[in-house]
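Results of the structural survey
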Amino acid sequence: MNPRRVDRPLALYGGGKLGALAGEIFRELKIRPAYVLDKTCSFKALPKDVLLAICVATEPYGSVIAPLHKAGWEDIVPVWEIIEAYPRIGIHNGWTVAWRDLLIKEEDQCDTIFSGLDRKSQVHYRSFVGWRTTHFEQVDMKLLKKRCLPSTLADIRKRQRVIYFDDAPMKRISIHNEGRELKTLVENMYLFQKYRPTIEVACYHSPDGLWKIPFFLMENLADYKFAFRMTAWMGQGAYIYCTPKERKR
């Protein structure tokens, strides 16, 4: 689960939005993929001594790689594991956390978060933590359907900023700023406590999302209900939802 640099011909597997974003990232890194594949390709005709990067988040990772292993590929990794090896790109959706470090430093906080969630949220949170620490996914988990934000490099970089909200009544707040979520929450918490909006926060762009973001919200929002949902596989699309108990979500 360490970041993996490209040390052999690179093949991208996946023709959707994640595949398109990965292609853009590798172009900026001046790494030219040797192949771009999807499930319609004839695997038998292609060489197997390549680094195969999985760019599919709409199916469980294990289900995606099983037929690829069967077809003869061995060097298969999630695409974010490769991107994480090139920090200058400034995108860290592939962050991983050592399980031992989690147990030592963050177990109590994760337990607190877990106990503050409903049963369905616990399944989603467990799968999120599982992927980030050991690449384990809860395969029977039903994902929440959610519209994806635009995901070009320009879109992502435009969102990478701390947001400062106006001191005015607010009902619904969405915080999705590509790794600046915790700082945005800290800077605006006094307003959220004052106006008690429904809050949605992306948790998958930095290690803060594993426990710091949920824990901070649970510690500072009194009389709120909390839900945690995944909207994609490979640890992507994880959100925590905070709803005042006096209001329906």
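The structure under discussion appears in the preceding block.
These lines cover the structure that appears in this document, whether it is placed above or below. Owing to the predicted nature of the structure, the values given are computational and were not obtained by experimental measurement. Think of each chain on its own: its residues are numbered from 1, step by step along the sequence as written. Since the coordinates come from a predicted model, pLDDT governs what is reported: local features require at least 70, and pairs of side-chain atoms require 80 or more to be given and counted, while whole-chain, interface and lining totals use all residues. Side-chain metrics in this entry use all non-hydrogen atoms of the structure; hydrogen atoms and water are not considered.

Topic: the overall build of the chain
Condition: Only DSSP runs of H or I reaching four residues or more are called helices, and only runs of E reaching two or more are called strands; each is numbered from the N terminus. Radius of gyration here is computed from C-alpha atoms only, and the compact-globule reference equals 2.2 Å multiplied by the residue count raised to the power 0.38. Exposure categories follow from relative accessible area, calculated using a 1.4 Å probe and restricted to protein chains: below 20% of the type maximum is buried, above 50% is exposed, and the middle band is partly exposed. The contact criterion used throughout is that any non-hydrogen atoms of two residues lie within 4.5 Å.
The secondary structure content of the chain amounts to 9 helices and 8 strands. Here the C-alpha radius of gyration of the chain, 19 Å, is about what a compact globule of 249 residues would show, namely 18 Å. With the C-alpha coordinates aligned to their principal axes, the bounding extent of the chain is approximately 60 × 35 × 35 Å. The buried share of the chain, reckoned over its 249 residues, is 52%. Sequence separation of 24 or more characterises 68% of the internal contacts of the chain that already satisfy a separation of 6 or more.

Side note on the pattern of salt bridges
A pair can form between side chains of opposite charge whenever their charged atoms are brought close. Which entries qualify depends on this criterion: Throughout this description, the term salt bridge denotes a Lys or Arg side-chain nitrogen within 4 Å of a carboxyl oxygen of Asp or Glu.
Within this structure, the stated rule accounts for 11 salt bridges. Between R157 and E28 there is a salt bridge, with the nearest N and O atoms lying 2.8 Å from each other. With R157 in helix 7 (residues 153-159) and E28 in helix 1 (residues 17-28), this residue pair connects regions lying 129 residues apart in the sequence. On the basis of relative accessibility, which here comes to 33%, the residue R157 falls in the partly exposed class. For E28, a relative accessible area of 33% corresponds to the partly exposed category. Each of the salt bridges in this network shares a partner with another, and the network as a whole consists of R4, D7, R8 and D75.

Some points on the sheet that holds strand 7 (residues 224-230)
We apply this condition: Strands qualify as paired when DSSP identifies two bridges or more between them. With axes taken as lines fitted to C-alpha atoms, and helix axes fitted only over the stretch in contact, angles between N-to-C directions fall between 0 and 180 degrees.
Taken together, 4 strands build an open sheet; the order of strands is 5-6-8-7 and the sheet is mixed. The sheet is open, and its two borders are formed by strand 5 (172-175) and strand 7, each paired with just one other strand. For this sheet, the mean inter-axis angle between neighbouring strands, taken without regard to orientation, is 15°. Bridge count between strand 7 and strand 8 (residues 238-244): 7 bridges; the pairing is antiparallel. Across the sheet, F228 pairs through a bridge with I240, a residue of strand 8. Helix 8 (residues 181-195) rests against strand 5, strand 6 (198-202) and strand 7 of the sheet, and its axis sits at about 160° to strand 5. On the sheet, helix 9 (residues 212-220) packs against strand 6, strand 7 and strand 8 and is oriented at approximately 5° with respect to strand 8.

A short note on the packing of aromatic side chains
Note the threshold: Each Phe, Tyr or Trp ring (for Trp, its six-membered ring) is paired with any other whose centre lies within 6.5 Å, and the angle between the two planes then decides the class: stacked below 30 degrees, edge-to-face above 60, tilted in between. Two limits define a charge over a ring: the Lys NZ or Arg CZ must be within 6 Å of the ring centre, and within 35 degrees of the ring normal.
Tallied over the entire structure, the rule returns 9 aromatic pairs. Members of the aromatic cluster, connected to one another through ring pairs, are W95, Y125, F128 and F228. Positioned over the ring face of W73 is K48, at 4.8 Å from the centre of the ring. The side chain of R132 reaches across the aromatic face of W95, ending 4.0 Å from its centre.

A few points about the environment of W211
Here W211 shows up in the loop between strand 6 and helix 9. Look at W211 and you get buried, because its relative accessible area is 14%. Measuring from C-alpha to C-alpha, the distance between W211 and L102 comes to 9.8 Å, with 109 residues separating the pair along the chain. Once residues lying within four places of it in the same chain are set aside, the contact partners of W211 are E106, Q109, C110, I113 and Y125.

Brief notes about the sheet that holds strand 4 (residues 76-78)
Taken in spatial order, the 4 strands line up as 2-1-3-4 in an open sheet, and their pairing is parallel. If you trace the sheet from one side to the other, it starts and ends with strand 2 (35-37) and strand 4, each paired once. Strand after strand, the sheet turns through a mean of 25° between neighbouring axes, direction not considered. In terms of strand pairing, strand 1 (residues 10-13) meets strand 3 (residues 51-54) through 4 bridges, oriented parallel. By the bridge assignment, L12 is partnered in strand 3 with A53.

Digging into the environment of D118
Going by this rule: Nitrogen and oxygen atoms within 3.5 Å of one another constitute a polar contact, given that in protein one can donate a hydrogen and the other can accept it, and given that sequence-neighbouring residues count only through two side-chain atoms.
Along the chain, the position of D118 falls in the loop between helix 5 (107-115) and helix 6 (119-134). Every residue in contact with D118, bar those within four places of it in the chain, is listed here: F226, A227 and R229. Polar contacts involving the side chain of D118 include one to the main-chain amide nitrogen of K120, which spans 3.1 Å.

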